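One-letter residues, chain by chain:
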Amino acid sequence: MNKAIVTGANGFIGQNLVHCLAQKGVHVFAVVRDKDKAQNFAEAENVTPIICNMNEYSKLSEKLKCEEGFDCLFHLAWQGSAGKLRADWKLQMENVQFSMELAEVIPKISCKRFIAVGTVSEYIVDDILNSGYSSENMIYALAKAYTHRLLEIVSKKIKIDYIWAKFSNVYGKGNTSGNLISYTLNEFSAGHVPTFGPGEQPYNVDDIVSALYLLGEIEHHNANDFFLGNGECRKLKDYLYSLANIMDKEIEIGGRKDDGVIFNSEWFDITTLQKETGFIPKFTFENGIADMLKT
């Protein structure tokens, strides 16, 4: 890659991806919502901030000021990806619309590849009606799954190289998203005992930035749908107990009602990712957390 676009560039994963690409010599056009967010990249080498809110994606080609010939567009922007906003159906449906409008701009800027990100929870959507899941968080998963399938159809129509990359909760320095690991660490810092459901589902965490880079870099790919992780698949409570042990803190498993969602270990398989890209995991959960906590 020589030139790439990253939406959601000011988010936790977005910032890490922008800096990763820039360090590898890729000229990154970092799409952010406003001038204040653009300041985060004002002095970054190989990074050009582009101010464009999600509802303006249809005008992105104009905002790029006739730039074209991009190798990859990484679409990470998504409103309400954590916390209570996952249950905001209006917000989640806006995400679907904006993602589709972004896809339709790609031919105008001569971009070779479009990589959008999803969630491992999409797998639950296939069984949501039969199993009667009622968790409001499923609204987020439904919106991601809907976007996934719509982009498949549109990408064939407009003939763009399209990849959908799914992942689960992601941890790392500077993560304030409120996802599981972020929530747990914040509760520890506040002197609270974090509480969880029974913690019986498999769970996977990993730094996905290197995997995203490889997906943008490979010349050809046979698969269009990838899970990004580190290959570990342990029960959620095993990760939580390990985190508590590292921090020398207490946790309460089973203190919250289980939402009834059952995860399948096959969802976290990275064989396809490794075969297509040569990806090699760098961190186990434990040494990744230890690295993150270094001052």
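For the structure given in this document, a descriptive report is provided here. Note that the structure is predicted; figures quoted are calculated from it, not measured.

## Considering the overall build of the protein
At step 1: Tallying secondary structure elements over the protein gives 12 helices and 11 strands in all.
At step 2: Radius of gyration (C-alpha) of the protein: 19 Å, near the 19 Å computed for a compact globule of 295 residues.
At step 3: Here the protein, with 295 residues, has 51% of them falling under the buried criterion.
At step 4: Put simply, the protein shows about 14700 Å² of open surface, and 46% of that area lies on carbon and sulfur atoms.
At step 5: Of note, the protein has its 30 positive side-chain charges centred 4 Å away from the centre of its 38 negative side-chain charges.

## A short note on the packing of helix α1 (residues 12-23) against helix α9 (residues 209-217)
At step 1: Orientation of α1 relative to α9, taken along the N-to-C sense of each, is 55 degrees, at an axis distance of 9 Å. It follows from the interaxial angle that α1 and α9 lie oblique. Where α1 crosses over α9, the handedness of that crossing is right-handed. Contacts between α1 and α9 pair Ile13, Asn16, Leu17, Cys20 and Leu21 from the former with Val209, Leu212 and Tyr213 from the latter.

## Quick notes on the nonpolar core
At step 1: Of all hydrophobic cores here, the largest spans 49 residues; its most connected members are Leu21, Phe74, Leu212 and Leu228.
At step 2: Among the elements that take part in this core, α1 stands out by supplying six residues, more than any other.
At step 3: For phenylalanine 74, the contacting residues outside a window of four places in its chain are Met1, Ala4, Ile5, Val6, Thr7, Leu17, Leu21, Ile115, Leu212 and Gly216.
At step 4: Phe29, Tyr57, Ile109 and Ile160 belong to the second-largest nonpolar core, a separate cluster that totals 31 residues.

## Side note on the sheet that holds strand β5 (residues 113-119)
At step 1: The seven strands are arranged β3-β2-β1-β4-β5-β6-β9 in an open sheet whose pairing can be described as parallel. Single-partner strands in this sheet number two, and they are β3 (47-51) and β9 (225-227). If you compare each strand with its neighbour and ignore which way they point, the axes differ by 20 degrees on average.
At step 2: Note: strand β1 (residues 3-7) against strand β4 (residues 72-75), four bridges, orientation parallel. When the bridges of β4 are listed, valine 6 appears paired with phenylalanine 74.

## Comments concerning the packing of helix α8 (residues 180-189) against helix α10 (residues 236-247)
At step 1: Direction vectors running N to C along α8 and α10 enclose 35 degrees, while the axes themselves pass 11 Å from each other. Of the two possible hands of crossing, α8 and α10 adopt the one that is right-handed. When α8 is examined against α10, the residues Leu180, Ile181, Thr184, Leu185 and Phe188 are found in contact with a partner set consisting of Leu236, Leu240, Leu243, Ala244 and Met247.
At step 2: A breakdown of the residues in the contact of α8 with α10 according to their chemical character gives nine nonpolar, one polar and no charged.

Rules used throughout
- Residues numbered from 1 in each chain as written.
- Predicted model: local features only at pLDDT ≥ 70, side-chain atom pairs only at ≥ 80, totals over all residues.
- Heavy atoms only, no water.
- Helix = DSSP H or I, 4+ residues; strand = E, 2+ residues; numbered from the N terminus.
- Rg over C-alpha atoms; globule rule 2.2 N^0.38 Å.
- Buried < 20%, exposed > 50% of the residue type's maximum accessible area, 1.4 Å probe, protein only.
- Areas by Shrake-Rupley, 256 points an atom, 1.4 Å probe, with all protein chains shown as cover.
- Lys, Arg positive; Asp, Glu negative; His and termini not counted.
- Charge placed at Lys NZ, Arg CZ, Asp CG, Glu CD.
- Axes fitted to C-alpha atoms, helices over the stretch in contact; angles between N-to-C directions.
- Parallel < 35°, antiparallel > 145°, perpendicular 65-115°, else oblique.
- Left-handed = near helix turned anticlockwise from the far one by under 90°.
- Contact = heavy atoms within 4.5 Å.
- Core = buried A, V, L, I, M, F, W, Y, C linked by side-chain atoms within 4.5 Å.
- Pairing = 2+ DSSP bridges.
- Nonpolar A, V, L, I, M, F, W, Y, C, P; charged D, E, K, R; others polar.

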